[in-house]
Amino acid sequence: VGVAGLEATYEAVRAGIAVGLANKESLVVAGEMITAEARKNNVPLLPIDSEHNAVHQCMRGGRLDEVDRVWLTASGGPFLHTPANEMASITVEQALNHPTWKSGRRITIDYATLMNKGFEVIEACRLFNLPPAQVDVIVQPQSTIHSMVEYRDGSILAPARATRLA
């Protein structure tokens, strides 16, 4: 469903309108095109999604060339402690039983399979103009941190979650 906003997002950027991105699909599907147009028109792309909004806030503390690494956090989902030899027998119902987040069926499956995190890595690379080697994922089961920005001087900015949805 997130791709439904692709055309509107692109046209807003072309028209010079700042865009608040509330979904990752537009940047996953056409991020290079959208970000190139945004740079060309000097249009800000403002992330609303929690992980990327946290990165955006942290990057206000320095310049992009000072960033060593961006860390996105993942809860580990319902299978964090499941042995590899049990993965083949997992059911849809088990995948829908996420320990931290309650969402619709498709999103919950994306959480359980870490597909959502893969999309977030792509989004971060495109949104912040970073190569994949500078975006990592760390499992943080408590879900108290959205993401972190590590600077070349060794400092790390990591905003805590204001609320935890359960």
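Everything in this summary refers to the structure shown in the same document. It should be emphasised that the depicted structure is a prediction, and the values quoted were computed from it without experimental measurement.

### So, the pattern of salt bridges
Item 1. Throughout the structure, instances matching the rule amount to 12 salt bridges.
Item 2. Between E37 and K40 there is a salt bridge, with the nearest N and O atoms lying 3.6 Å from each other. Within this pair, E37 and its partner K40 are both found in helix α2 (residues 25–41), separated by 3 residues, close to a single helical turn.
Item 3. Of the charged contacts in the structure, one is a salt bridge between R69 and D136, with a shortest N-O distance of 2.9 Å. Of this pair, R69 sits in strand β3 (residues 67–74) while D136 is found in strand β4 (residues 135–139), placing the two residues 67 residues apart along the sequence.
Item 4. When its relative accessible area of 27% is taken as the criterion, D136 is described as partly exposed.
Item 5. Through salt bridges that share partners, E25, R106 and D110 make up one connected network.

### Some words on the sheet that holds β3
Item 1. Taken in spatial order, the 4 strands line up as β4-β3-β5-β6 in an open sheet, and their pairing is mixed. Unpaired on one side and paired on the other, β4 and β6 (156–157) mark the two borders of the sheet.
Item 2. In this sheet, β6 lies alongside strand β5 (residues 147–151) in antiparallel orientation, the contact comprising 2 bridges. By the bridge assignment for β6, E150 is matched with I156.
Item 3. Running over the sheet, helix α3 (residues 50–59) touches β3, β5 and β6 and is turned about 30° from β5.
Item 4. Here helix α6 (residues 115–127) sits on the sheet and contacts β3 and β4; the angle it forms with β3, its principal contact strand, is near 155°.

What counts and what doesn't
- Residues numbered from 1 in each chain as written.
- Predicted model: local features only at pLDDT ≥ 70, side-chain atom pairs only at ≥ 80, totals over all residues.
- Heavy atoms only, no water.
- Salt bridge = Lys/Arg side-chain N within 4 Å of Asp/Glu carboxyl O.
- Helix = DSSP H or I, 4+ residues; strand = E, 2+ residues; numbered from the N terminus.
- Buried < 20%, exposed > 50% of the residue type's maximum accessible area, 1.4 Å probe, protein only.
- Pairing = 2+ DSSP bridges.
- Contact = heavy atoms within 4.5 Å.
- Axes fitted to C-alpha atoms, helices over the stretch in contact; angles between N-to-C directions.

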